[in-house]
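In case you want the letters, here they are:
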Amino acid sequence: MSVAVRNTSANTLTAGKLPKGAPWGLLIVSWLIFIGVFALLQASGTTTDFNVVGAFFFGTILFDILIVVISMVVEGGRKAKDRLVTSLVTTAFIITLLPLISLIYTVISRGVARFDSAYFNESMRNVIGAGGGAVHAIVGTLEVTAFAALISIPIGLLTSIYLVEYGRGRLARAITFFVDVMTGIPSIVAGLFAYSLFALFAGPSIRAGIVGSVALSVLMIPVVVRSSEEILKIVPNELREASYALGVPKWLTIVKIILPTSIAGLTTGVMLAISRVIGETAPLLITTGFTTSMNYDLFSDRMMTLPVFVYTQYANQGPDATPFLERAWTGALVLILIVMALNLLARLIGRLFSPKLR
Amino acid sequence: MTASAESPTKTATPPKAVIRIGDRVFSLATVLSGSLILVVLAATAVFLIVQSLPALTAKPGQIPNDAANFWVYVGPLVFGTVWAALLALIIATPLSIGIALFISHYAPRRISQLLGYIIDLLAAVPSVVFGLWGVLVLAKFIQPFYTTLVNTLGWIPLFQGPVSGTGKTILTAAIVLAVMILPIMTAVMREIFLQAPRLHEEAALALGATRWEMIQMAVLPFARSGMVSGIMLGLGRALGETLAIAIVLSPATVINVFLLTSQNPNTIAANIATQFPEAQGVALNTLIASGLVLFVITLLVNMAARFIVNRRKAFSGAN
């Protein structure tokens, strides 16, 4: 925005304007002021530990006030209003970063305590106080999510192929609309649906991994459909026409031309969908239940999953809460690591294997 | 050449398209899986209705909490759900508009995509982790502020005491919810802001408008309905969020608007999550029926949001 002319005192173009780096300098100065204030508070013993969040929060507020006042004096009303909005917008962004930073910092710092080999080798069977691990929950999460993916990927892919390659008219429009609506189904309602479905023929006390998989796939299918649809749409029409011109049937065109072209994007979409459902807690809490023992069988008995493990460790603390909370935080750390790994891998695949058009 | 000369006489009857088995099977499979989605959605509604009938027709005394009938039971929960979601929306809306504007129009072009990823990172954090963070970090951190608020502004009904000693209030829950729905709201709004016609923006700047005036004149009017739908999608998310609320809130069976006390209205989803593992008989049916109510509420909100988006797509200047 500001004109990039050197701010010399004789230059009429930049007269009545703040120099280019002024906002940034001011922001850093006001942060430093409040870091100083809070450091003093800590040194004097008023607060027990250094309040990083407070320092940056109040520093940013101070910056907002300073920049508007200074700009009002130097640059006048219109420009000051612009500065106000700029600083407010920046503040909104910084305020949002604070919980993210705080959350990641807490999960890592409290999660490393139990990030040991026992955590990945032991279950919670016969563990009352300290010790134990989450291997049963990790195995459960992987099994339930894998089966959910097994259900959702074919259905999701075929639906997106229908929408892009075949779908015309009312059915296609209805499917598009309801897929969008389905993205907004609360996860707990998906859990209730899967539960009521299985409770019809297995009795009201049914709890099994497969029920959780069905619940997760209700949440996963719309995500897979949306992302694959976007990817299939950008496959160039020339490829289809060239294939038809050579006399290739439509289904072979799809299988041999369109899917291989878009395979990187499809994989990315599917992995992002998996990473979205792998952290779901509510549907699993009511469909797979919870247990302290290892259970490899998806089709019978309760099965522990990692998100539910984190929840139950918090919700059913023993008389000494520390080992329970430590296990919960480590579970949270493992969960975030899995989700992040899936996310990164997905984006990496999308970048490395996408067809080079130019 | 000869072939083309002969062809008019040969194709007196138009050539018949060859119908291949592969084509038939494949297109049938795609149609079936597409329809399956509609079936699943319908089945969700049907199964929930079937399972909730016993609760809807239950006699007094069968429903938990000594409620006279199902509607008395679900009333406070509906209020709590809507109230918590609205509070979260009030916090998240200005923030998400700010972030979306920051990413689309303020941040340097080179890092704006990176900033978008960072906000998306928030969406990748599982809700149970948000819950843990909310109760063990945020609630403890924010409780002293609540005490100050109640002491100084306690005469305003919203901030009426007695203050919760643990910080597990509906305001804390709403803050956690707001953080959780920010990514989706920001994503929708960012897309809309980026679609604002470039020529209008440049014209405004060329006439000497400051950046804020340009946004006011060229971007916001264009993006209004997109912002509304982003807000409604956020509302849909907030209504259905379960575990974060179940962990953060200390619930009671009340209807009140006090933000900072330890007597908070519970939400439908959190109530299901906490009561379901021990529920039996009619209590179970009651929970499923409350889930049905939640399903209907979110369905209406989402359909309204999608309706606004779709209507806009057809008549926008962007295409």
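Residues numbered from 1 in each chain as written. Chains lettered and ligands numbered in written order. Predicted model: local features only at pLDDT ≥ 70, side-chain atom pairs only at ≥ 80, totals over all residues. Heavy atoms only, no water.

Caption draft 1: Fine view of the overall build of chain A. The number of helices and strands found in chain A is 13 helices and zero strands. Each helix and strand of chain A, placed in order from N terminus to C terminus, yields the pattern α-α-α-α-α-α-α-α-α-α-α-α-α. With respect to the principal axes defined by its C-alpha atoms, chain A has extents near 80 × 70 × 35 Å. Residues classed as buried in chain A amount to 50% of the 358 residues present. In the form shown here, chain A has an accessible surface area of approximately 16500 Å², with 68% of it arising from carbon and sulfur atoms. Put simply, chain A has 26 plus and 18 minus side-chain charges, and the middle of one group is 10 Å from the middle of the other. (Helix = DSSP H or I, 4+ residues; strand = E, 2+ residues; numbered from the N terminus. Buried < 20%, exposed > 50% of the residue type's maximum accessible area, 1.4 Å probe, protein only. Areas by Shrake-Rupley, 256 points an atom, 1.4 Å probe, with all protein chains shown as cover. Lys, Arg positive; Asp, Glu negative; His and termini not counted. Charge placed at Lys NZ, Arg CZ, Asp CG, Glu CD.)

Caption draft 2: Layout of the environment of L325(A). Along the chain, the position of L325(A) falls in helix α13 (residues 321–353). Measuring from C-alpha to C-alpha, the distance between L325(A) and L142(A) comes to 23 Å, with 183 residues separating the pair along the chain. Excluding anything up to four places from it in sequence, L325(A) contacts Y314(A), Q317(A) and L136(B). (Contact = heavy atoms within 4.5 Å.)

Caption draft 3: Up close: the nonpolar core. Ranked by size, the top nonpolar core spans 193 residues in total, and within it I188(A), V129(B) and F193(B) carry the most contacts. Element by element, the count of residues in this core is highest for helix α3 (residues 70–106) of chain B, at 19 residues. Counting residues domain by domain, this core receives three or more from each of domain 1 (22–114) and domain 2 (121–353) of chain A. Among all residues touching I188(A), those that are not within four sequence positions of it are A282(A), I286(A), T242(B), A269(B), I272(B), A273(B) and L294(B). Counting six residues, the second-largest nonpolar core is a separate cluster that includes L18(A), L26(A), I67(A) and V68(A). (Core = buried A, V, L, I, M, F, W, Y, C linked by side-chain atoms within 4.5 Å. Domains from an automatic or database assignment.)

Caption draft 4: How the structure looks around the side chain of Q51(B). Turning to its location among the elements, Q51(B) is positioned in helix α2 (residues 21–56). When sequence neighbours within four positions are dropped, the list of residues in contact with Q51(B) reads S196(A), A199(A), L200(A), N285(B) and I288(B).

Caption draft 5: Region of the structure containing empty space enclosed by the protein. Residue and element names in this part refer to chain B. Using the criterion set out here, one finds one cavity of 30 Å³ or more in the structure. Approximately 30 Å³ is the volume found for the largest cavity. Contributing elements (two or more residues each) for the lining of the largest cavity: α3 and α8 (211–240). Among the elements that take part in the lining of the largest cavity, α3 stands out by supplying three residues, more than any other. Partitioning the lining of the largest cavity into residue classes produces six nonpolar, two polar and one charged. (1 Å grid on protein atoms, 1.4 Å probe; cavity = no way out; pocket = protein on both sides within 12 Å on 5 of 7 lines; lining within 4 Å. Points joined across faces, edges and corners; volume = space filled by probe spheres on them. Nonpolar A, V, L, I, M, F, W, Y, C, P; charged D, E, K, R; others polar.)

Caption draft 6: Fine view of the packing of aromatic side chains. Here the structure, examined in full by the defined rule, presents eight aromatic pairs over all chains. Taken together, a centroid distance of 5.0 Å and an interplanar angle of 90 degrees make the contact between Y195(A) and F276(B) edge-to-face. Pair noted here: Y195(A) is in helix α7 (residues 187–202) and F276(B) is in the loop between α10 (268–275) and α11 (281–315), and the two residues belong to different chains. One residue, K250(A), lies across the ring of Y166(A), its end atom 4.6 Å from the ring centre. Note that R327(A) overlies the ring of F324(A), its terminal NZ or CZ placed 4.8 Å from the centroid. (Phe/Tyr/Trp six-rings, centres within 6.5 Å; stacked < 30°, edge-to-face > 60°. Lys NZ or Arg CZ within 6 Å of the ring centre and 35° of its normal.)

Caption draft 7: Examining the interface of chain B and chain A more closely. Contacts between the two partners involve 80 residues from chain B and, on the opposite side, 85 residues from chain A. Looking only at chain B, the three residues that lose the most surface to chain A are F26(B), I37(B) and F47(B), adding up to 9% of its buried area. If you look at where chain B meets chain A, you find one salt bridge. Close ionic contact of E213(B) with R78(A) constitutes a salt bridge, the shortest N to O distance being 2.8 Å. In this assembly, chain B and chain A are joined by seven residue pairs in polar contact (both at pLDDT 80 or more). The element that contributes the greatest number of residues to the side of chain B that touches chain A is α2(B), accounting for 20 residues. (Buried area = accessible area lost by both parts, 1.4 Å probe. Salt bridge = Lys/Arg side-chain N within 4 Å of Asp/Glu carboxyl O. Polar contact = N/O pair within 3.5 Å; in protein donor to acceptor, adjacent residues only side chain to side chain.)

Caption draft 8: The pattern of salt bridges, seen in detail. Residues and elements named next belong to chain A. Across all of its chains, the model carries nine salt bridges over all chains by this definition. Among the salt bridges present, the one from R240 reaches E165, with a minimum N-O distance of 2.9 Å. In this pair, R240 sits in helix α9 (residues 237–245) while E165 sits in helix α5 (residues 135–166), placing the two residues 75 residues apart along the sequence. There is no split in this pair, since R240 and E165 are both buried.

Caption draft 9: Region of the structure containing the domain arrangement of chain A. Residues and elements named next belong to chain A. For chain A, the assigned domains are domain 1 (22–114) and domain 2 (121–353). Contact with domain 1, which involves nine residues of that partner, is made by nine residues of domain 2. For the domain 1 and domain 2 pair, buried surface summed over both sides reaches about 800 Å², with 71% attributable to carbon and sulfur atoms. Ranking the residues of domain 1 by area buried against domain 2 places V107, R110 and R114 at the top, with a combined share of 67%. Summed over the shared surface of domain 1 and domain 2, the result is zero salt bridges. Each residue belonging to the side of domain 1 that touches domain 2 can be placed in one class, and the counts come to five nonpolar, two polar and two charged.

Caption draft 10: Here's a closer look at the confidence of the model for chain B. All names here are of chain B. With 93% of its residues at a pLDDT of 70 or more, chain B shows a mean pLDDT of 81. Averaged over each element, pLDDT in chain B is lowest for helix α1 (residues 2–10) (49) and highest for helix α7 (residues 198–206) (89). Contacts of residues 1–7 to residues separated by more than four positions or lying in other chains number zero contacts, the stretch itself having pLDDT below 50. Between residues 314–319, whose pLDDT stays under 50, and residues either more than four places distant or in other chains, the model counts two contacts. (pLDDT = per-residue confidence, 0-100.)

Caption draft 11: Highlighting α8(B). All names here are of chain B. If you check α8, its first and last C-alpha atoms are just 38 Å apart, much less than what 30 residues at 1.5 Å a residue would give, namely 44 Å. At R224, α8 is bent by approximately 55 degrees, the largest bend along its length. Within α8, 21 of the 30 residues are buried, which leaves the element mostly enclosed by the surrounding structure. (Expected span 1.5 Å × (residues − 1). Bend = angle between axes of the 7 residues up to and from the residue.)

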